[in-house]
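# Coordinates in review
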Amino acid sequence: MTGSLLGVRLHPGRPPVLDAGPAGDATGWCERYGDALSELVDEHGAVVVRGLGLRTVADVSGVAARLGSGSHVEREAFATRTLLADGVHSATPWPARQPMCAHHELSYVLETPATLLFACLRAPATGGATPLVDTARVVADLPADLVERVERDGWILTRAYSDEIGAPWEQAFGTTDRSEVESYCRANAIATEWLDDGGLRTRQHRHGVLVHPGTGERVWFNQIAFLSEYAMDPEVREFLLELHGPDGLPFSTRFGDGAPVPEHVVDEINAAHDRHAVREPWQDGDLLVVDNLRVAHGRDPYTGDRQVVVAMTDGVAVPAPGGPR
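These remarks concern the structure in this document. (Residues numbered from 1 in each chain as written. Predicted model: local features only at pLDDT ≥ 70, side-chain atom pairs only at ≥ 80, totals over all residues. Heavy atoms only, no water.)

### Things to note about the pattern of salt bridges
Convention followed: By convention in these notes, a salt bridge is any Lys or Arg side-chain nitrogen within 4 Å of a carboxyl oxygen on Asp or Glu. Helix and strand assignments follow DSSP, with helices taken as H or I runs no shorter than four residues and strands as E runs no shorter than two, numbered in order from the N terminus. For every residue, the accessible area obtained with a 1.4 Å probe (protein chains only) is divided by the maximum for its type, and the residue is called buried under 20%, exposed over 50%, and partly exposed between those limits.
Summed over all chains, the structure comprises 14 salt bridges. Two residues, Arg218 and Glu151, come together in a salt bridge whose shortest N-O distance is 2.7 Å. Highlighted residues: Arg218 in strand S14 (residues 218–220) and Glu151 in helix H4 (residues 144–153), separated in sequence by 67 residues. A salt bridge links Arg201 to Glu193, with the nearest nitrogen and oxygen atoms 3.9 Å apart. The class of Arg201 is partly exposed, set by a relative accessible area of 24%. Judged by relative accessible area, Glu193 falls into the partly exposed class, the value being 42%. Residues participating in the shared-partner salt-bridge network are Arg14, Arg50, Glu280 and Asp286.

### As for the sheet that holds strand S9 (residues 132–134)
This is how it is decided: Two strands are counted as paired when DSSP detects at least two bridges linking them.
Taken in spatial order, the four strands line up as S6-S18-S9-S16 in an open sheet, and their pairing is antiparallel. Strands with a single pairing partner mark the edges of an open sheet, and in this sheet they are strand S6 (100–103) and strand S16 (277–278). Relative to strand S18 (residues 295–299), S9 runs antiparallel, the two being bridged by three bridges. Within S18, the residue paired with Asp134 across the bridge is Val295.

### Examining a negative patch on the surface
Which entries qualify depends on this criterion: Patch membership requires more than 30% relative accessible area and the absence of a salt bridge. Residues of like charge join within 9 Å; the nonpolar side chains Val, Leu, Ile, Met, Phe, Trp and Tyr join within 5 Å. Using the Shrake-Rupley algorithm and a 1.4 Å probe, accessible areas are obtained, with residue cover drawn only from the displayed protein chains. Residues scored as positive are Lys and Arg, those scored as negative are Asp and Glu, and His as well as the terminal groups of each chain are ignored. Positions of charges follow a simple convention, taking NZ of Lys, CZ of Arg, CG of Asp or CD of Glu.
A surface patch of negative charge is lined by Asp145, Glu148, Glu263, Asp267 and Glu268. Of all elements in the fold, only H4 and helix H8 (263–275) reach the threshold of two or more residues within the negative patch. If you tally residues by element for the negative patch, the top one is H8, at three residues. Note on Glu263: relative accessible area 43%, which makes it partly exposed.

### Observations concerning the packing of aromatic side chains
As a reminder of what qualifies: In this analysis, rings of Phe, Tyr and Trp, with Trp reduced to its six-membered ring, are considered paired at centre separations within 6.5 Å, and the interplanar angle assigns stacked below 30 degrees, edge-to-face beyond 60, and tilted for intermediate values.
This model, assessed by the stated rule, comprises five aromatic pairs. Ring centres of Trp169 and Trp194 lie 5.0 Å apart, and the angle between their planes is 80 degrees; this geometry places the pair in the edge-to-face category. With Trp169 in helix H5 (residues 169–173) and Trp194 in strand S11 (residues 190–194), this residue pair connects regions lying 25 residues apart in the sequence. Given the relative accessible area of 7%, Trp169 is considered buried.

Following this line, the structure appears as structure tokens:
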């Protein structure tokens with residue numbers, strides 16, 4: 001059964017907020033209004049649903065099962081996080097005092113989740129909003145030569161997996177079997193190099209600008225800035241460079257032709273995202289539905305006990321431009 005939705009609030013600088021009515025049966029509400037909610041997300045790119053009364057991970061899992069076409073199995077995670085229930089993960093670990101710059105989730109994998117469902121089980125005392133950025137606006141804002149270069153050549157992500165920082169390869173790939181990792185990487189256009197200490201280095205070439213399948217607009221779909229070495233704390237970066245060298249950093253990005261991405265370009269990309277970010281302060285029980293192909297997300301600094309979980313659904317193929325370089 002499909003219902004019509006009323007009570008959508010639109011304010012400058014904020015995403016649409018939909019009042020679901022008195023808190024009650026969240027899964028029943030999603031069964032009734034899921035199609036109409038999808039239409040709103042198609043129109044706006046992201047929608048906050050308020051009033052569902054989400055309190056537990058089980059509540060979120062039930063909602064995700066009704067709003068998505070199936071949970072997305074995460075591979076190649078860059079940081080350790082916990083699978084809390086079928087398809088529901090903890091938020092990416094990130095220091096509360098530091099902002100997380102905007103990015104598209106898993107934009108470097110060949111099957112990426114098209115839809116993200118964020119649920120707030122406990123709102124922070126202050127801050128902690130999830131900035132949202134329509135990256136078609138980022139494409140229009142960035143210098144044309146930068147956009148053309150990334151659209152033409154793509155981008156390259158290099159990673160070093162170890163037990164010291166970030167996610168070890170066993171967790172990132174969901175297996176302790178090297179042959180399974182190698183098979184996955186071959187199938188996903190990732191070059192691999194096993195290290196003497198048991199670690200792993202990878203290199204993958206990906207598209208950086210996509211044409212959105214629904215809107216037909218070009219979107220800035222990559223993590224060139226988010227996974228840049230310049231996104232690290234400067235002291236941490238210098239320590240890791242001294243300890244491991246440039247090839248041993250946990251992650252780094254390059255242009256698709258192999259040239260380094262300068263720090264000023266990373267700053268320029270982040271500034272463009274900041275100029276177009278909208279945000280809505282979290283309230284307990286909120287649900288945020290995001291078109292991951294169109295809208296990037298981040299996280300503001302916060303105080304208090306912020307509990308936001310995420311479900312990833314609707315996997316969609318994003319082929320590599322030409323395999324690893």
